[in-house]
Amino acid sequence: MLEQRGRGAYGAVYRAIGTKGARGPVALKMALQPRDGRFAREVELLSRIRHPNVPRLVGHGEWRDPAGTAYPYLAMEWVEGTSLYDWAREHRPSSRQVLSRLASLARALEATLAVGGVHRDVKGDNILVRKADGQVFLTDFGSGHYAGATTLTWPPFPPGTPAYRSPEAWRTVMHPSPAPTVPYAPGPADDVFALGVTAWRLVTGEYPPSLGLDAEGARVWSLEGPGPRAPQVLNSRCCVQLSALISRMMSVHPEVRGSARELAGALDKAAREAGPEADVPLFDLEQALPVDVSASSRRVPVRGRGGHTRHWSIAAGVGAPLLLGIAWMLSARPGDAPAEAPVSAQLDTKDAGTVAVGDSALTAPLPPKAAPSVWSTIALDLPPKPFPRQMRPDANGRCPRKGLVVINGGCWVKVALPPKDCDEIGYVYKDACYLAAFPPARPSTSSPAD
């Protein structure tokens, strides 16, 4: 092992070199829990996939500690690069560059489906862009599933990241009657939707409205709703073809999104046929604001378990009432919670220009509307009022439990996460991460038959 490069709730990833004549380094993913069944499932899925945009499985096995306890591991092709979002910060891509990379990722999803699998956690942090040639790789199949695999999770959802879940997935828990007894089963349309959210965020610098947390999201994502605004509305430098294909991937109707294969063809065609407007950088180079871009403040792409699992494990340490609160937030009915505060993009000072699009990308006329320079981390601002059922302070302004703080009329718990890692489970207030505190659920007084 040469160095640790990432750590989640279930695994740690190292850059390592094989001892038996292996060429070059590998990404060694080691389980943190003994006999973790997720690793066997990930090994099986990766062993089936042969595609240039998916890291190749090199080997797998078990490591035993001095007590004889077995910890599974797997080794994959090493990809020296950065996450898709970091790549966007550094290179200010054009619409054509984004179209080309989305087409490659759609091909990777097509290859996954061809072997009976689904990824289930497509997002920018699980996509690597190789430094040498800009090739993209879909990584982290730890949340993946394939036909016949054993179910390892409980209702309502399998592993995944809330901001990237499809509307049809959220609808299964918005009005559960009766409560679901088996987890929602994501399919190919869910992976396509998540790829659309990834592209939407890459182009606009924002997350789309969240169906799971606010009334505005419920309106946008209902079967009769309009869906999110077209990316070109938020960033006028996004070419028409890219904007339309992202909107298609994020349709509220799964059948409208098309298969990964169909999308790959459409994305390839748009990359070839789009006009010179597709070579304009999506982000401004002149309007960058100074922010901390030191190594300590940047997220390391984890080629193991997704970042959300790390967040959930940290949340588990602050007590059962908080976990119940999170569960309630994720299953809140439309209209129960306030709308999310507007999210804005932070800007990056690094000026790497564009890549592989020629001088025309730097000299083409710019649309009159200002485009976002480039974003770093998106985080939700604290709601202006408490959630329904959220703990509130007493007449003396104190919360009913120790360790809670009063903000905007509600009780909150501060979590030891930097703001950049708070976006998937909490809210940012004064550069700190907070989660809403809820009272523990009362035990049922009805019999199972009732």
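Attention here is on the structure that accompanies the text. Residue positions within a chain follow its written sequence, with the count starting from 1. Reporting of local features is limited, given that this is a predicted model, to residues whose pLDDT is at least 70; pairs of side-chain atoms are given and counted only at 80 or more, and all residues count toward the totals for whole chains, interfaces and linings. Water and hydrogen atoms were dropped before computing side-chain values, which therefore reflect all heavy atoms in the structure.

## Description of the overall build of the protein chain
Next, step 1: For the protein chain, the count of helices and strands is 13 helices and 14 strands.
Next, step 2: Out of the 450 residues in the protein chain, the part that is buried amounts to 52%.
Next, step 3: Taking contacts inside the protein chain between residues at least 6 apart in sequence as the whole, the part at least 24 apart equals 72%.
Next, step 4: Accessible surface for the protein chain amounts to roughly 20,200 Å². Of this, 55% is attributable to carbon and sulfur atoms. Runs of E in the DSSP output that reach at least two residues are strands. Runs of H or I that reach at least four are helices, and both are numbered from the N terminus. Throughout this description, buried means an accessible area under 20% of the type-specific maximum (1.4 Å probe, protein chains only), exposed means over 50%, and partly exposed covers the range between. Residue contacts follow a heavy-atom distance rule, with two residues in contact if any of their heavy atoms lie within 4.5 Å. Here, Shrake-Rupley sampling with a 1.4 Å probe gives the accessible areas, and only protein chains in the shown set may cover a residue.

## Thoughts on the sheet that holds strand β5 (residues 70-77)
Next, step 1: Each pair of strands is called paired provided DSSP finds at least two bridges between the two strands. Across the sheet, five strands lie side by side as β1-β2-β3-β5-β4; this open sheet has antiparallel pairing. Edge positions in the open sheet fall to β1 (3-7) and β4 (57-64), since each of these has one partner strand only. Strand-to-strand, the axes of this sheet are offset by a mean angle of 25 degrees, without reference to chain direction.
Next, step 2: Examined bridge by bridge, strand β3 (residues 25-31) and β5 share five bridges and lie antiparallel to one another. Bridging across to β5, M30 finds its partner in Y73.
Next, step 3: Together, β2 (11-17), β3, β4 and β5 form the strand contacts of helix α1 (residues 37-48), whose direction differs from that of β5 by roughly 25 degrees. To define axes, lines are fitted to C-alpha atoms, for helices over the stretch in contact only, and angles between the resulting N-to-C directions are given on a 0 to 180 degree scale.

## As for the nonpolar core
Next, step 1: Membership of the largest hydrophobic core comes to 65 residues, with the highest contact counts inside it found for L99, L102, L138, L195, L242 and I246.
Next, step 2: Excluding residues within four positions of it along the chain, L99 makes contact with C239, L242, L245, L267, A270 and A271.
Next, step 3: Judged by nonpolar contacts, the second largest core, of 10 residues, contains M391, L404, L417 and L435. The criterion is simple. A nonpolar core is a set of buried Ala, Val, Leu, Ile, Met, Phe, Trp, Tyr and Cys residues joined through side-chain atoms within 4.5 Å.

## Digging into the packing of helix α3 (residues 95-114) against helix α10 (residues 260-273)
Next, step 1: Relative orientation of the contacting elements α3 and α10 amounts to 160 degrees, with a least axis distance of 8 Å. By the angle between their axes, α3 is roughly antiparallel relative to α10. Like other packed secondary-structure pairs, α3 and α10 cross with a definite hand, here left-handed. Only A260, R261, A264, G265, L267, D268, A270, A271 and R272 of α10 make contact with α3, whose side of the interface consists of R96, L99, S100, L102, A103, A106, R107, L109 and E110.
Next, step 2: The nonpolar class holds Ala, Val, Leu, Ile, Met, Phe, Trp, Tyr, Cys and Pro. Asp, Glu, Lys and Arg form the charged class, and all remaining residues, Gly among them, are polar. For the contact of α3 with α10, a count of residues per class yields 10 nonpolar, two polar and six charged. Angles below 35 degrees are treated as roughly parallel, those above 145 as roughly antiparallel, those between 65 and 115 as roughly perpendicular, and all remaining angles as oblique. Left-handed describes a crossing whose near helix is turned anticlockwise from the far helix by less than a right angle; the clockwise case is right-handed.

## A word on the state of the cysteines
Next, step 1: Only a pair of cysteine sulfur atoms within 2.5 Å counts as a disulfide in this structure description. Summed over all chains, the structure comprises one disulfide.
Next, step 2: C399 shares a disulfide with C411; S-S distance 2.2 Å. In this structure, the disulfide formed by C399 and C411 twists by about -110 degrees around the S-S bond and is classed as left-handed. Taken as a pair, C399 in the loop between α13 (360-363) and β11 (404-407) and C411 in strand β12 (residues 410-415) lie far apart in primary sequence, 12 residues in all. Taken individually, C399 and C411 each receive the classification buried, so the pair is uniform in this respect.
Next, step 3: We note that C238 lacks a disulfide partner, and the nearest cysteine sulfur, in C239, lies 5.6 Å from it.

## Observations regarding α10
An α-helix turns once per 3.6 residues; consequently, residues spaced three or four apart project the same way.
Next, step 1: Taking 1.5 Å of rise per residue, the 14 residues of α10 would be expected to cover 20 Å, and the 20 Å separating its terminal C-alpha atoms lies within 8% of that figure.
Next, step 2: Considered for burial, the residues of α10 that qualify are A260, L263, A264, L267, A270 and A271. With its buried residues spanning 130 degrees around the axis, α10 presents them on a single face. Facing away from the buried side of α10 by over 90 degrees, the exposed positions are R261, R272 and E273.
Next, step 3: The secondary structure elements touched by the buried residues of α10 are α3, α5 (188-204), α8 (240-249) and α9 (254-257). To estimate the expected span of a helix, subtract one from its residue number and multiply by 1.5 Å. Each C-beta atom gives one direction from the helix axis, and the arc is the one those directions make.

## Overview of helix α2 (residues 84-91)
Next, step 1: Burial within α2 is extensive, with seven of its eight residues counted as buried.
Next, step 2: Lining the buried residues of α2 we find β6 (81-83), α3, β8 (127-130) and α5.
Next, step 3: Of the residues trailing α2, R92 is marked for its positive phi of about 45 degrees.

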